[in-house]
Amino acid sequence: MDRAKRSAVEGSIAAGADFLQLDVGEAPPGGRADWLATRLRAAIADGRVPVGARLPASRVLAAELGVSRGVVTEAYQRLTEDGHVVGRGRAGTVVVATPAAVVTRAPAPPRPPQLFAARPDTAVFDALRNAPAELDLTPGVPDLAAFPRAAWLRAERAVLHRLAPAAFGYGDPTGTPALRLAVATWLARNRGIRVDPAEVVVVAGVSQALGLLAQVLHADGVHTVAVEDPGSLGVRQHLNNWRLDTPPVPVDAHGLRVDRLEASGAPAVMLTPAHQFPTGVVLDGDRRRRLLRWARRGGLVIEDDYDAEHRYDRPPVPALRGMLPDRVCYTGSVSKLLAPALRIGWVLVPPRLHADLVAAKRMADLGNAALPQLVLAELMDSGALERHLRLLRRRHVRRRDAMIRAVHEHLPGAVVHGAAAGLHLLVTLPGEVDDTALAAAALRQGVKVQPLSWHGQRPQPPGLVLGYAANLPTDIDRALATLATVLRDLRRPLSPPR
């Protein structure tokens, strides 16, 4: 069948195009070229076909519409004469200008969330992330420039080379078997947790793990989860979003005050025992034993192991999950080890909650994307992830030391907390100062930080939570010098009026 006959047959099958949902049946008899030019002109004007976009080849569009090629070429010619498109040979017909449009009043932009308000709202982290700043000391951000691109590409090629076609279909909502096995091996080697791969549920980061746990706990009659104070504002917001109450339990130099947890009557607690956020303290041996006794009496522990791999000046701290698996829910991810954008984490729960958690995960999204899981499993199995971790530890130590030096030089009297591990430092400040006002003033000078008061439900000493992992030592020093200047300006008394 020649090309003309094929076009005629295709036109008889479906006289319409996916492009702009064009339906030639709307065209008046004898006016198809004018109708098509009008539709294309309108699409260019309203942005559906933006400047720089290429129009379909005239032969292709004619076949889809079931019209002669001359109808399409005439319409394109009219747009060319108007100066809206230009033919560029093999590059096709390209939009180069938009028709004059009627000016309409744009809707008012949504009111941005107020940064550094006394009670930050749930959009505050997005707002702070999008706020422009020359120097970003946001805590919890890894060195994204160190992402192992070459190793990731090698692993991806290896995975794709051997991947069966069936692997591109819907999979197990708990995650790919390869990643669940790799995570179980990783946790045994690095966190002292012995777990069957079938118990591992792959999730889109710790935030999804918390949402799934909240749903399961609600169904189990648990409506209160105590949290550390100070403790992560983001975690508290996630739990509150799922209608869980989060009473505060104080944290001191030895970690969570388990006696205050017992007195609170809360049936469950969320904590970061290996590296408390934001203070950086480790839950000591006596507190651990008392917490486990509390759990054996019926309490439930949610353990967030958010950055336990990043330790420098202290021995590893075993995870609570390895000591009492029947009473501890455990969450972890690669957000602090590789990149938050991967959205890959895992959660382990006691056996009695496992089926409900899997059901919640299934209804949430049918499971995470399989290909990134398989690539991550390849990195874990090949040893590339451990090599990357060793590289990061050396780099982080240099940057942490640079921040400690800069604090001592520029903020005399300030106290550094949590330096032995993690990706951030807590710096408490002497004297009376509003740390929220300090953070706001610092942002105006191009330095992004988080105030300690954000992360406390009860009054806290003034302080800043400062991330160092993603910054060069020279930038860290400049940021601390700026913070010192801002702090002096805040403390300088106003001149009396003349």
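Basis of the calculations
- Within each chain, residues carry numbers counting from 1 in the order of the written sequence.
- At least 70 in pLDDT is required for a residue's local features to be given in this predicted model, at least 80 for side-chain atom pairs to be given and counted, and no such filter applies to totals for whole chains, interfaces and linings, which use all residues.
- Calculated side-chain values reflect all of the structure's heavy atoms, with hydrogen atoms and water omitted.
- Strands here mean DSSP runs of E at least two residues long; helices mean DSSP runs of H or I at least four residues long; both are numbered from the N terminus.
- With the radius of gyration taken over C-alpha atoms, the globule rule is written as 2.2 Å times the number of residues to the power 0.38.
- Classification of residues uses two cut-offs on accessible area relative to the type maximum, computed with a 1.4 Å probe and protein chains only: under 20% is buried, over 50% is exposed, and between them is partly exposed.
- Computed with the Shrake-Rupley method and a 1.4 Å probe, the accessible areas treat only the protein chains shown as cover for residues.
- Counting rule for charge: Lys and Arg are taken as positive, Asp and Glu as negative, and neither His nor the chain ends is counted.
- The location of each charge is read from NZ of Lys, CZ of Arg, CG of Asp or CD of Glu.
- Here, strands pair whenever DSSP counts at least two bridges between them.
- Centres within 6.5 Å make a pair out of two Phe, Tyr or Trp rings, where for Trp the six-membered ring is used; the pair is then stacked when the planes are under 30 degrees apart, edge-to-face when over 60, and tilted otherwise.
- Contacts described as polar in this section are N or O atom pairs within 3.5 Å, which, within protein, must combine one atom able to donate a hydrogen with one able to accept it, while residues neighboring in sequence count only if both atoms come from side chains.
- Note on definitions: a residue-residue contact is assigned when non-hydrogen atoms from the two residues lie within 4.5 Å.
- To qualify as a nonpolar core, a set must consist of buried Ala, Val, Leu, Ile, Met, Phe, Trp, Tyr and Cys residues joined through side-chain atoms within 4.5 Å.
- For this analysis, a salt bridge means a side-chain nitrogen from Lys or Arg found within 4 Å of a carboxyl oxygen belonging to Asp or Glu.

Caption draft 1: Representation of the overall build of the protein chain. Within the protein chain, the secondary structure is distributed over 16 helices and 16 strands. Relative to the 2.2 N^0.38 estimate, which gives 23 Å for 498 residues, the radius of gyration of the protein chain is 29 Å and therefore markedly larger than a compact globule would have. By principal-axis analysis of the C-alpha atoms, the protein chain measures approximately 90 × 75 × 45 Å. A burial count over the protein chain gives 50% of its 498 residues as buried. Of the roughly 24,300 Å² of accessible surface on the protein chain, a fraction of 54% belongs to carbon and sulfur atoms. When the 62 positive and 49 negative side-chain charges of the protein chain are each reduced to one mean point, those points stand 3 Å apart.

Caption draft 2: Quick look at the sheet that holds strand E6 (residues 248–252). Read across the sheet, eight strands follow the order E4-E11-E10-E9-E8-E5-E6-E7 without closing on themselves; strand pairing throughout is mixed. Lying at the two open borders of the sheet, with one neighbouring strand each, are strand E4 (201–203) and strand E7 (255–256). Note: strand E10 (residues 328–333) against strand E11 (residues 345–348), four bridges, orientation antiparallel. Paired with Thr331 across the bridge in E11 is Val347.

Caption draft 3: Highlighting the packing of aromatic side chains. Overall, the coordinates contain three aromatic pairs when judged by the stated rule. Centre to centre, the rings of Phe125 and Trp454 are 5.8 Å apart; their planes meet at 85 degrees, and the pair counts as edge-to-face. Remark: Trp454 occurs in the loop between strand E15 (450–451) and strand E16 (463–467) and Phe125 occurs in helix H5 (residues 124–130); sequence separation between them is 329 residues. Here the two residues Phe125 and Trp454 agree in accessibility, since each one is buried.

Caption draft 4: Summary view of the side chain of His218. In this fold, His218 is placed in helix H8 (residues 205–219). Classification of His218 as buried rests on a relative accessible area of 17%. At 2.8 Å, the side chain of His218 and the side chain of His223 are in polar contact. The contacts of His218, once residues within four sequence positions are left out, are His223, Trp242, Arg243 and Leu244.

Caption draft 5: Quick peek at unusual backbone geometry. Following Asp229, the chain continues to Pro230 via a peptide bond in cis, the omega torsion being 0 degrees. Relative to the helices and strands, Pro230 resides in the loop between strand E5 (226–229) and helix H9 (233–241). With an omega of 5 degrees, the peptide bond between Phe277 and Pro278 qualifies as cis. Structurally, Pro278 is set in the loop between strand E8 (268–271) and helix H11 (285–296). Here Arg343, not a glycine, exhibits a phi torsion of approximately 55 degrees, which is positive. The exposure class assigned to Arg343 is partly exposed, which follows from its relative accessible area of 34%.

Caption draft 6: Spotlight on the pairing of E16. Burial within E16 is extensive, with five of its five residues counted as buried. Side-chain alternation along E16 places Gly463, Val465 and Gly467 on one buried face and Leu464 and Leu466 on a second face that is also buried. By the bridge criterion, five bridges tie strand E13 (residues 424–428) to E16 in an arrangement that is antiparallel. Bridge pairing links Val427 to Leu464 in E16. The pairing of E15 with E16 spans two bridges and is classified as antiparallel. Looking at E16, one finds that Pro451 is bridged to Leu464.

Caption draft 7: View of the nonpolar core. Residues Met403, Leu466 and Leu480 are the most contacted members of the largest nonpolar core, which totals 40 residues. Elements that contribute at least two residues to this core include exactly H5, helix H14 (384–410), E13, helix H15 (435–444), E16 and helix H16 (473–491). The greatest single-element share of this core, amounting to seven residues, is contributed by H16. Setting aside its immediate chain neighbours within four residues, Leu466 contacts Leu137, Met403, Leu423, His424, Leu425, Val427, Val449, Leu480 and Leu483. Counting residues in hydrophobic clusters, the runner-up holds 36 residues, among them Ala155, Ala339, Leu374 and Leu392.

Caption draft 8: The arrangement of helix H3 (residues 58–65) in detail. Among the residues of H3, Ser58, Leu61, Ala62, Ala63 and Leu65 are the ones counted as buried. A positive phi of about 75 degrees marks Gly66, the residue just after H3.

Caption draft 9: Expanded view of the side chain of Asp435. Summarising the element assignment, Asp435 is placed in helix H15. Summary of buried charges: Asp435 has no salt-bridge partner, and the nearest side chain of opposite charge, Arg491, is 11 Å away. Ignoring anything within four residues of it in the chain, the contact list for Asp435 reads Pro451, Leu452, Ser453, Pro461, Pro462, Gly463 and Leu464.

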